[in-house]
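Per-entry structural report
As a plain string of letters, each chain reads:
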Amino acid sequence: MSQDQTPYQILGEEKIKELANIFYDVMDELPDAKHIRDMHSKSLVDIKQKLAEYLTGWLGGPPVYQQKHGTVCLTKPHAPFAIGPEERDQWLLCFNEALERIGASEELKDMLRVPVFRLADTVKNRDESIKENTDPNIIAIA
Ligand code: HEM
C-alpha cells in the first residue's frame, strides 16, 4: 500500500458503501449499541446512503455530502440527540466492527483509528451520558 494513497483510494467507492451499510447493520444487531440504535429511525435505508456520502468525502473522495447539504458540519443533524461519551463509544464500536467485517487491512485500521475517534468525539454534544434512571425520586436527568 502506498503511503500517498488516501483511505478513499485504498477502499474505493464500493467498499465505502459496504462500510456504511454494514455499519448500520452492526448497529442494528449489537446489543451493546441498542441505546444509539433506538435514537435512529426504524428504517436505516436513507441514513446508510447519507453515511456513505459523508464518508466518501471524509475519506478523501469527492465531497458528495457537502455538495448535497452545503456543509460537512454534523452538529445540527445531531443536535436533537443526547450524545455523550457512552454514545460516542457505541458508535465507534459499530464502526470498528464494520471495518473488521469489510476486511479492512491492519494498515488502514491504524490509519483511521485516531481521526475516526476525533470525528466521533466532535459529534459528542455533552460530557456525560444519560444513565438509566434507577432512582424513582428523580424524574429527569439533565
Ligand atoms: C458519536 C455518536 C453518534 C450518534 C449517537 C449518532 C446518531 C445519529 C442519529 C440519531 C442520527 C439521525 C438519524 C435519523 O434521522 O434517523 C444521525 C445522523 C447522521 N449521522 Fe450520526 N451519530 C453519531 C456520530 C456520527 C459520526 C461520527 C458521524 C460521521 C461520519 C455521523 C454521521 C451521521 C450522518 C451523515 C447523519 C445524517 C445527517 C443528515 O441528516 O444529513 N454520526 N446520527
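Look above for the structure.
Residues numbered from 1 in each chain as written. Predicted model: local features only at pLDDT ≥ 70, side-chain atom pairs only at ≥ 80, totals over all residues.

1. Quick look at the packing of helix 6 (residues 85–101) against helix 7 (residues 106–123)
Pairs of packed helices are described in terms of their axes, by the angle between the two and the distance that separates them. The test is simple: To obtain each axis, a line is fitted to C-alpha atoms, and for helices this fit is confined to the stretch in contact; angles are then taken between N-to-C directions over 0 to 180 degrees. Segments assigned H or I by DSSP are reported as helices when at least four residues long, segments assigned E as strands when at least two residues long, and all are numbered from the N terminus. Oblique is the label for every angle not falling under 35 degrees (roughly parallel), over 145 degrees (roughly antiparallel), or within 65 to 115 degrees (roughly perpendicular). Left-handed describes a crossing whose near helix is turned anticlockwise from the far helix through less than a right angle; right-handed describes the clockwise counterpart. By definition, residue pairs are in contact when their C-beta atoms, positioned from the backbone, come within 7 Å. Lys, Arg, Asp and Glu make up the charged group, whereas Ala, Val, Leu, Ile, Met, Phe, Trp, Tyr, Cys and Pro make up the nonpolar group; the residues left over, Gly among them, are polar.
In the contact formed by helix 6 and helix 7, the axes pass within 10 Å of each other and the chain directions differ by 150 degrees. Taken together, the axis directions place helix 6 and helix 7 in an arrangement best described as roughly antiparallel. Here helix 6 and helix 7 pass one another in a crossing that is right-handed. For the pair helix 6 and helix 7, contact is made by Arg88, Trp91, Leu92, Phe95 and Leu99 and by Lys109, Val116, Phe117, Ala120, Asp121 and Val123, respectively. Across the contact of helix 6 with helix 7, the residue classes break down as eight nonpolar, no polar and three charged.

2. Examining the environment of Leu11
Quick reminder of the rule: Exposure is read from a count of other C-beta atoms within 10 Å of each residue's own; the residue is exposed at 12 or fewer, buried at 20 or more and partly exposed in between. C-beta atoms are placed from the backbone.
With respect to the element layout, Leu11 can be found in helix 1 (residues 7–29). Overall, Leu11 belongs to the buried group, with 25 C-beta atoms counted inside 10 Å. Separated by 45 residues in sequence, Leu11 and Thr56 have C-alpha atoms that sit 9.9 Å apart. Setting aside chain neighbours within four positions, we find Leu11 in contact with Ile16 and Leu59.

3. So, helix 3 (residues 45–58)
Put simply, the test is: Every helix has an expected span of 1.5 Å times one less than the residues it contains.
Helix length check: helix 3, at 14 residues, gives a terminal C-alpha distance of 20 Å against a target of 20 Å (1.5 Å per residue), a fit within 8%. Those residues of helix 3 that fall on the buried side of the exposure criterion are Leu51, Glu53, Tyr54, Leu55 and Thr56. The inward-facing, buried residues of helix 3 contact helix 1 and helix 4 (64–69). Gly60 sits one or two positions beyond helix 3 and adopts a positive phi of about 110 degrees.

4. Let's talk about the nonpolar core
Using the following cut-off: Nonpolar cores are identified as sets of buried Ala, Val, Leu, Ile, Met, Phe, Trp, Tyr and Cys residues joined via C-beta atoms within 7 Å.
Ranked by internal contacts, the top residues of the largest apolar core, which has 18 residues, are Leu19, Ala20, Phe23, Leu55, Cys94, Phe95 and Ala98. When residues of this core are traced back to their parent elements, those giving at least two are helix 1, helix 3 and helix 6. Broken down by element, the residue count for this core peaks at six residues, all from helix 1.

5. Quick word on helix 6
In this model, helix 6 (17 residues) spans 24 Å end to end at C-alpha, consistent with the 24 Å of a helix rising 1.5 Å per residue. Among the residues making up helix 6, those that are buried are Glu87, Arg88, Gln90, Trp91, Cys94, Phe95, Ala98 and Leu99. Packed against the buried residues of helix 6 are helix 1, helix 2 (34–37) and helix 7. Positive backbone phi, approximately 75 degrees, marks Gly103, located one or two places after helix 6.

6. Quick look at the site of the ligand
Threshold: Only the C-beta atom, placed from the backbone, is used; a residue is near a molecule or strand if that atom lies within 6 Å of it.
Near the ligand lie 21 residues; those nearest to it are Met39, Ser41, Pro77, Trp91 and Val123. Contributions of two or more residues to the shell around the ligand are made by helix 3, helix 5 (75–78), helix 6 and helix 7. Tallying contributions element by element places helix 3 first for the shell around the ligand, with four residues. Of the residues belonging to the shell around the ligand, the class tally is 13 nonpolar, four polar and four charged.

7. Re the environment of Gly61
By the element assignment, Gly61 lies in the loop between helix 3 and helix 4. Here Gly61 falls in the partly exposed class, since 18 other C-beta atoms lie within 10 Å of it. For Gly61 and Pro7, which are 54 residues apart along the polypeptide, the C-alpha to C-alpha distance reads 8.5 Å.

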